[in-house]
Amino acid sequence: MSVTLSESAARHVSNFIAKRGKGFGIRLGVKTSGCSGMAYKLEFVDDTHDEDLVFDSHGVKVVVDPKSLVYLEGTELDFVKEGLNEGFKFNNPNVKDQCGCGESFNV
Amino acid sequence: MALLQIAEPGMSTEPHKHRLAVGIDLGTTNSLVASVRNGIAVCLPDESGRTMLPSVVRYHVDGSTETGLGALKAQATDPRNTIVSAKRFMGRGLKDVAHVEAMPYDFEDGPGMVRLRTVQGVKSPVEVSAEILRVLRVRAEASLGGRLVGVVITVPAYFDDAQRQATKDAARLAGLDVLRLLNEPTAAAVAYGLDNAAEGVYAVYDLGGGTFDLSILKLSRGVFEVLSTNGDAALGGDDFDHRLFCSILERADIDPPSLEDARRLQMKAREVKELLTSCEEAPIHLRLGSGELVDVVVTRNEFADMTRHLVQKTLTPVRKALRDAGLTPEEIKGVVMVGGATRMPQIQRAVAAFFGQEPLTNLDPDKVVALGAAMQANVLAGNRAEQDDWLLLDVIPLSLGLETMGGLVEKVVPRNSTLPIARAQEFTTFKDGQTAMAFHVVQGERELVADCRSLARFELRGIPPMVAGAARIRVTFQVDADGLLSVSAREMSSGVEASVLVKPSYGLSDDEIAEMLKSGVEHAGDDMVLRALREQQVEAERVIEAAEQALAKDGHLLDADERAGIDAAVARLRELRAGSDHRAIKSGIDAFARATDEFAARRMDNSIRSALAGHKVDELEL
């Protein structure tokens, strides 16, 4: 099992990293906060830590720390457009319920 | 469901705590909104994918308003209710607006700012601008998926307090919280990352649709100062279109076209201009309504030849701005190109030749100002890592100061100080027993009050009577991040206080600002001499007054000859004081001091003697 990017997400991430001018890949993680217990974290990666797990998805390095992986196992990150807004969306099979905003969740 | 953006390492925000901030380029012709998403500044498009919103507002009879392209199309059919270029009227009185007679509007000269009569009643330029800002706010909130915490709006570097305040008022009316107003050339420089570049002087060449602005910026310690600005309010890309249009008419050898045909040809001219930035030649093949056929080819070189005078015309303000800043083209470290018209190869060539270096052109010149504003908004909203330097970019356009004795200006806050700022300076009384003091707050670069602009007056009363020069009155100038000035005065021993809040009045024109800056430079030499003279005159007056008081009190210490000598010295100094040679007055004051030395010594002895009279030595605490 692993954490993956959809093709569209991978294309956008590589594009953003190229424009940013630096970056090893992208970090997916969870934080214990938010209205339903957990919140997603989505960041550029400049430095990895020893314990980090690195997956390769459509040529993009996806970095996850082992604590977060427990909650993210099997997740696919997608890039979607909704009206004028566009951005990333976590498709996480572990989620039992999430708050209406989708920024935080429960397992 | 909210969609996530990629944050910088360690900068993920808590859910619902994303600080959405945008930058807005509120332009004369077009406006844009931009934001930093996934670490990159991007302009936000509307539903049809257009990023540029024409800065046009149309007021309909039924009470609705239309903004942007739809309104622009109605310009010909409903000119009176279709407001274009409202930016030109921001914070201006009717007399400040150029070419009023050529405009289709029904003007009303309101207090401080001109207003426009429309089918929906009288509208101020602030309301028109607010309409444009509101459309951009709605677009931004739909694109970013939430409410904006703040916005950075760009204004021309030459905008005065009144025009800046009007812009801020428009933002508030549109429901936007202004984090900061940013000078347009500074925003362009920020977009190119020059704020992180080497310190030095940069030029920003901004050729828009109808206006040309050149700004010289100096970067030091991450802060941009505007050294000088110049431009031409009636020169832009449209003039190039028009020249091309005239040339097509000549070549096609056709009768004067109908209005409709002229409009089509003008649009064709614009297309040809745009085509010639990437191609060596552009064909025009157009059947007119009159049945005539226009079939000509324009090459890039021909276009460059026919517009040579226009390109040259932009270089005059460039030279002037450099001269005002006291710089040569070789001292410019980089040149930033702004405005769609700078895509024309002949412009880029001319600028490169003038400065002896290739200008920066890799960002879209239409978007570069909005992108810089977005980057600044992102920093101000707190979305960047803490170790990143905060930029303080707003500066005071003209120095602020107080009137002192002799009609001189004591500058308290120098021009180009970054905001917010507080500066205090101590002043003192001029006369013995003086219990009140009048403060006159002025703005400008000249040394004499009469040549500066008066902002406010207030008085400090209840100063305890003291000898001249003993009172310590601390005057504090405070300018907040919104550019609002408050001045307070406090007598330090008694704590009496007075203050005034200066609201910038609408109506100082950019010509006046430019004039004030220019005359400050031109008259620097005269002003220095004049200041020296006034200073010596005030000093002479002070010593004469002191001597007369001493004579009245202790005149008995002098014999008739000595008294006559001092009287003569007073008369001589009075005479010198009336003259205009500050050096003569200064030496007169020195001579006067020598003539009264003996008298002063005797007064000192006398006062010690009288203080000691009747006391035993052991009673004194020595």
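Residues numbered from 1 in each chain as written. Chains lettered and ligands numbered in written order. Predicted model: local features only at pLDDT ≥ 70, side-chain atom pairs only at ≥ 80, totals over all residues.

K.L.:
I'm lost on the overall build of chain A in this one. Help?
P.N.:
The number of helices and strands found in chain A is 2 helices and 9 strands. In chain A, which comprises 107 residues, the share counted as buried stands at 35%. Pairs at least 24 residues apart make up 56% of the contacts formed inside chain A by residues separated by at least 6 positions. (Helix = DSSP H or I, 4+ residues; strand = E, 2+ residues; numbered from the N terminus. Buried ≥ 20, exposed ≤ 12 C-beta atoms within 10 Å, placed from the backbone. Contact = placed C-beta atoms within 7 Å.)

K.L.:
Just checking my understanding: could you explain the overall build of chain B for this structure?
P.N.:
Check the secondary structure of chain B and you find 15 helices and 26 strands. Counting contacts in chain B only where the partners sit at least 6 residues apart, residues at least 24 apart contribute 68% of the total.

K.L.:
Where do I start with unusual backbone geometry in this structure?
P.N.:
The general pattern is negative phi for most residues beyond glycine and trans for most peptide bonds. The phi dihedral of A:His58 is positive, around 50°, even though this residue is not glycine. Note on placement: A:His58 falls in the loop between β4 (53-57) and β5 (60-64). By C-beta crowding, A:His58 is classed as partly exposed, having 15 other C-beta atoms within 10 Å. Even without glycine at this site, B:Ser85 takes up a positive phi of about 55°. A residue is classified by how many C-beta atoms lie within 10 Å of it, and B:Ser85, with 17 of them, is partly exposed.

K.L.:
Help me understand the sheet that holds strand β7 (residues 82-84) of chain B in this model?
P.N.:
Adjacent strands of a sheet form backbone hydrogen bonds with each other and so pair up, either parallel or antiparallel. Residue and element names in this part refer to chain B. Ordered in space as β6-β5-β7, the 3 strands form an open sheet in which the pairing is antiparallel. Each of the sheet's edge strands pairs with one partner strand only, and the pair in question is β6 (65-67) and β7. Each strand of the sheet is rotated relative to its neighbour by a mean of 15°, with strand direction disregarded. In the packing of helix α2 (residues 125-144) onto the sheet, contacts are made with β5 (56-59), β6 and β7, and the angle to β6 comes to roughly 65°. (Pairing = 2+ DSSP bridges. Axes fitted to C-alpha atoms, helices over the stretch in contact; angles between N-to-C directions.)

K.L.:
Would you mind going over helix α14 (residues 582-595) of chain B with me for this structure?
P.N.:
The α-helix winds at 3.6 residues per turn, so residues separated by three or four positions along the chain end up facing the same way. Residues and elements named next belong to chain B. Counted at 1.5 Å a residue, the expected span for α14 with its 14 residues is 20 Å, and the 20 Å between its end C-alpha atoms agrees. Of all the residues in α14, the buried ones are Ile585, Gly588 and Phe592. Along the long axis of α14, the arc covered by the buried residues comes to 55°, so they all point the same way. Seen from the buried face of α14, the exposed residues on the opposite side, beyond 90 degrees, are Arg583, Asp590 and Arg594. (Expected span 1.5 Å × (residues − 1). Arc of directions from axis to C-beta.)

K.L.:
Please clarify how the confidence of the model for chain B should be interpreted in this entry.
P.N.:
Interpretation of the predicted coordinates at a detailed level should be avoided for regions scoring low in pLDDT. On average, residues of chain B score 84 in pLDDT, and 90% of them reach the 70 mark or higher. Across the predicted assembly, pTM comes out at 0.66 and ipTM at 0.82. (pLDDT = per-residue confidence, 0-100.)

K.L.:
Explanation requested: the packing of helix α8 (residues 308-325) of chain B against helix α9 (residues 345-355) of chain B in the structure shown.
P.N.:
When two helices pack together, you describe them by how their axes are tilted relative to each other and by the distance separating the axes. All names here are of chain B. Running from N to C, α8 and α9 point in directions that differ by 40°, and their axes come no closer than 10 Å. Considering the angle they form, α8 stands oblique to α9. Along this stretch, α8 crosses α9, giving a crossing that reads as right-handed. Contacts from Val311, Leu315 and Val318 of α8 reach α9 at Gln346, Ile347, Ala350 and Phe354. Taken together, the residues that form the contact of α8 with α9 break down as 6 nonpolar, 1 polar and no charged. (Parallel < 35°, antiparallel > 145°, perpendicular 65-115°, else oblique. Left-handed = near helix turned anticlockwise from the far one by under 90°. Nonpolar A, V, L, I, M, F, W, Y, C, P; charged D, E, K, R; others polar.)

K.L.:
Quick question: what am I supposed to make of the nonpolar core here?
P.N.:
Soluble globular proteins: nonpolar side chains tend toward being buried together. Residue and element names in this part refer to chain B. Counting 116 residues, the largest nonpolar core has Ala34 and Val151 as the members making the most contacts within it. Sorting elements by how many residues they give to this core places helix α10 (residues 368-380) first, with 10 residues. Shared between two domains, this core takes at least three residues from each, and those domains are domain 1 (1-192 + 364-389) and domain 2 (197-362). The residues touching Ala34, leaving out its near neighbours within four places in the chain, are Val22, Gly23, Ala41, Val42, Cys43, Leu44, Lys367, Ala370, Leu371, Ala373 and Ala374. (Core = buried A, V, L, I, M, F, W, Y, C linked by C-beta atoms within 7 Å. Domains from an automatic or database assignment.)

K.L.:
I tried to follow the environment of B:Thr596 on my own but got confused; where do I start?
P.N.:
Residue and element names in this part refer to chain B. Structurally, Thr596 can be placed in the loop between α14 and α15 (597-612). Distance from Thr596 to Gly565, taken between C-alpha atoms, is 9.0 Å for residues 31 residues apart in sequence. Among residues more than four places away in sequence, those in contact with Thr596 are Ala547, Ile566 and Ala569.

K.L.:
Looking at this structure, how should I read helix α4 (residues 184-191) of chain B?
P.N.:
All names here are of chain B. Counting buried positions along α4 gives 8 out of 8 residues, so the element sits mostly inside the fold. Among all positions in α4, only Glu184, Pro185, Thr186, Ala187, Ala188, Ala189, Val190 and Ala191 are buried. The positive-phi residue at the C-terminal boundary of α4 is Gly193, with phi of around 70°.

K.L.:
Would you mind showing me how to read the sheet that holds strand β19 (residues 400-404) of chain B here?
P.N.:
All names here are of chain B. Read across the open sheet, the 4 strands follow the order β20-β19-β22-β23; overall the sheet is antiparallel. Pairing within the sheet leaves two strands with one partner each, and these edge strands are β20 (408-413) and β23 (453-460). With direction set aside, neighbouring strand axes in the sheet form an average angle of 30°. Bridging between β19 and strand β22 (residues 437-443) involves 3 bridges; their strand directions are antiparallel. Bridging across to β22, Gly401 finds its partner in Val442.

K.L.:
What's the story with the environment of B:Glu491 in this structure? I'm lost.
P.N.:
Tracing the backbone shows B:Glu491 in strand β25 (residues 485-491). Sequence separation between B:Glu491 and B:Val475 is 16 residues, and the spatial gap between their C-alpha atoms is 8.8 Å.

K.L.:
Hey, could you run me through the pairing of strand β2 (residues 30-37) of chain B in this one?
P.N.:
The side chains of a regular strand alternate between both faces of the sheet. Residue and element names in this part refer to chain B. Burial analysis of β2 places 7 of its 8 residues in the buried class, the great majority of the element. Inspection of the sheet shows strand β1 (residues 21-26) paired to β2 by 4 bridges, in the antiparallel sense. In the strand pairing of β2, Gly23 is matched with Ala34. Linkage of β1 to β2, two consecutive antiparallel strands, is achieved through a turn of 3 residues. Bridging between β2 and strand β4 (residues 53-54) involves 2 bridges; their strand directions are antiparallel. What sits directly across from Ser31, in β4, is Leu53.

K.L.:
How do you make sense of the packing of α4(B) against α10(B) when you look at a structure like this?
P.N.:
Residue and element names in this part refer to chain B. The interhelical angle for the contact between α4 and α10, taken along N-to-C directions, is 75°, at an axis separation of 7 Å. Here α4 lies roughly perpendicular to α10, going by the angle between them. Between α4 and α10, the residues in contact are Glu184, Ala187, Ala188, Ala189, Val190 and Ala191 and Val368, Val369, Leu371, Gly372, Ala373, Met375 and Gln376, respectively. Partitioned by chemical class, the residues of the contact of α4 with α10 number 10 nonpolar, 2 polar and 1 charged.

K.L.:
Can you walk me through the environment of B:Glu281 in this structure?
P.N.:
Assignment of secondary structure puts B:Glu281 in strand β16 (residues 281-287). Beyond its immediate sequence surroundings of up to four residues, B:Glu281 is in contact with B:Val297, B:Val298, B:Thr299 and B:Arg300.

K.L.:
Just to check I follow, could you spell out the confidence of the model for chain A for this structure?
P.N.:
Of all residues in chain A, 83% attain a pLDDT of 70 or more, and the chain-wide mean is 84. The secondary structure element of chain A with the lowest average pLDDT is strand β8 (residues 97-98) of chain A, at 66, and the one with the highest is β5(A), at 93.

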